[in-house]
Amino acid sequence: MNELLIIGHPELMAERQRWLAALSRERRLSDKTVVAYERDTRQFLHFLTGHLSGPVRLSDIHALRPGDLRGFLAARRKEGAGARTLGRGLAGLRSFLRHLEKKGLANAAGAAAVRSPKQPKSLPKPLTDKDALTVVTHEAQLAEEPWIATRNAAVLTLLYGCGLRISEALDLTPSDFSGTPTALRIHGKGGKTRVVPLIAAAVEAVRAYEKLSPYHLVDDGPLFRGAKGGKLQAAIIQREMQRLRGALGLPDTATPHALRHSFATHLLAGGGDLRTIQELLGHASLSTTQVYTGVDSARLLEIYDRAHPRA
């Protein structure tokens, strides 16, 4: 008998297949992520089968409690799964349960009540060029509402394309993008103002959002709106980035602020000088920029030897 029929009744497995198909077709997740989510949910159903002494039914999924999910995570940890793997697995289970909940077949509240495994602390790291470019695309966004997906993509594009802090991006107004803007005047920390060039991709991302936004965007009001029309909160973007990490298999250090790191690091790798990057970031001291971009003494000496006339 097929393994899938052993661990779950046909009705449940059919819904699981519909969910997996939707991840590829509608959510446009990578094949690698879909395979990982398939494996994670299969392992969870195997776990439940052991407890129930038989194939899992939709009614069993509907009756899930937070303790069931915690028990699964504990079992996986005992098998050697790390925090990152467990976090991705929980993200997959939450997605599957939300799929069932929309059809009235399950309650996803139990999964939402389970905290993701605590990740080991590490210094903020920039994303790779490829990952950063993927994260800021509209296609990568997980929001189901098209206008929210374009909004999230626009915000993330500003963080990576202009090196903005998330608070700076959310403080922008429609007037900042009136006409054909080529730069942004940003009011940063300590009341300091800096001018940041606007790349075409950032303008295009904002225009796409403005076109789909269901709210009237007044010139002096907030550019980015929440689902209910108020000013978008940073926590929403941080939560969306967390979902992207799970969907794209990105490291736990891939946060909205890491996109600002990536902006600086990739500029430096492309030949930008520290002083210019310092001004673009709005750092008070060059030493902060040095740490921020991960520049070590060897890199500084390399720059010195290449550029100094007496080197």
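To be clear, the structure that these remarks concern was listed above.
Just so it is clear, the model here is predicted, and its values are computed rather than measured.

Draft legend 1. Local environment of the overall build of the protein chain. Scanning the protein chain from terminus to terminus reveals 16 helices and two strands. Dimensions of the protein chain, computed from the C-alpha atoms along their principal axes, are close to 75 × 50 × 30 Å. Relative to its full complement of 311 residues, the protein chain shows a buried share of 44%. Taken as a whole, the protein chain presents about 16400 Å² of accessible surface, with 55% of it coming from carbon and sulfur. Distance between charge centres in the protein chain, computed from 44 positive and 30 negative side chains, equals 5 Å.

Draft legend 2. Spotlight on the pairing of strand β1 (residues 183–187). Where burial is concerned, the two faces of β1 differ: the one with Leu184 and Ile186 is buried and the one with Ala183, Arg185 and His187 is not. Of the strand pairs in this sheet, β1 and strand β2 (residues 193–197) are connected by five bridges, and their pairing is antiparallel. Looking across to β2, one finds that Arg185 is bridged to Val195.

Draft legend 3. Representation of the nonpolar core within the structure. Within the largest apolar cluster, 81 residues are counted, with the highest numbers of intra-cluster contacts made by Ile61, Leu127, Leu156, Leu158, Leu164, Phe224 and Leu259. Sort the elements by how many residues they give to this core and helix α9 (residues 146–162) lands first, with ten residues. Leave out the neighbours within four places in its chain, and Ile61 touches Leu12, Leu45, Leu48, Val56, Leu97, Leu100 and Ala106.

Draft legend 4. Structural detail: the pattern of salt bridges. The tally for this structure, following the rule as stated, stands at 13 salt bridges. Its salt-bridge partner being Glu38, residue Arg16 comes within 2.7 Å of it at the nearest N-O pair. Remark: Glu38 occurs in helix α3 (residues 31–52) and Arg16 occurs in helix α2 (residues 10–25); sequence separation between them is 22 residues. The class of Arg16 is buried, set by a relative accessible area of 0%. The closest approach of N and O atoms between Arg65 and Asp68, which form a salt bridge, is 3.8 Å. What emerges from the salt-bridge pattern is a single network uniting Glu15, Arg18 and Lys103.

Draft legend 5. Looking closely at the packing of α3 against helix α5 (residues 66–78). Closest axis-to-axis distance for the α3/α5 pair is 10 Å, and the angle between their directions is 105°. Comparing the axis directions of α3 and α5 gives the class roughly perpendicular. Residues Asp40, Gln43, Phe44 and Phe47 of α3 touch α5, and the partners they reach there are Asp68, Leu69, Gly71, Phe72, Ala75 and Arg76. Split by residue class, the contact of α3 with α5 holds five nonpolar, two polar and three charged.

Cut-offs applied
Residues numbered from 1 in each chain as written. Predicted model: local features only at pLDDT ≥ 70, side-chain atom pairs only at ≥ 80, totals over all residues. Heavy atoms only, no water. Helix = DSSP H or I, 4+ residues; strand = E, 2+ residues; numbered from the N terminus. Buried < 20%, exposed > 50% of the residue type's maximum accessible area, 1.4 Å probe, protein only. Areas by Shrake-Rupley, 256 points an atom, 1.4 Å probe, with all protein chains shown as cover. Lys, Arg positive; Asp, Glu negative; His and termini not counted. Charge placed at Lys NZ, Arg CZ, Asp CG, Glu CD. Pairing = 2+ DSSP bridges. Core = buried A, V, L, I, M, F, W, Y, C linked by side-chain atoms within 4.5 Å. Contact = heavy atoms within 4.5 Å. Salt bridge = Lys/Arg side-chain N within 4 Å of Asp/Glu carboxyl O. Axes fitted to C-alpha atoms, helices over the stretch in contact; angles between N-to-C directions. Parallel < 35°, antiparallel > 145°, perpendicular 65-115°, else oblique. Nonpolar A, V, L, I, M, F, W, Y, C, P; charged D, E, K, R; others polar.

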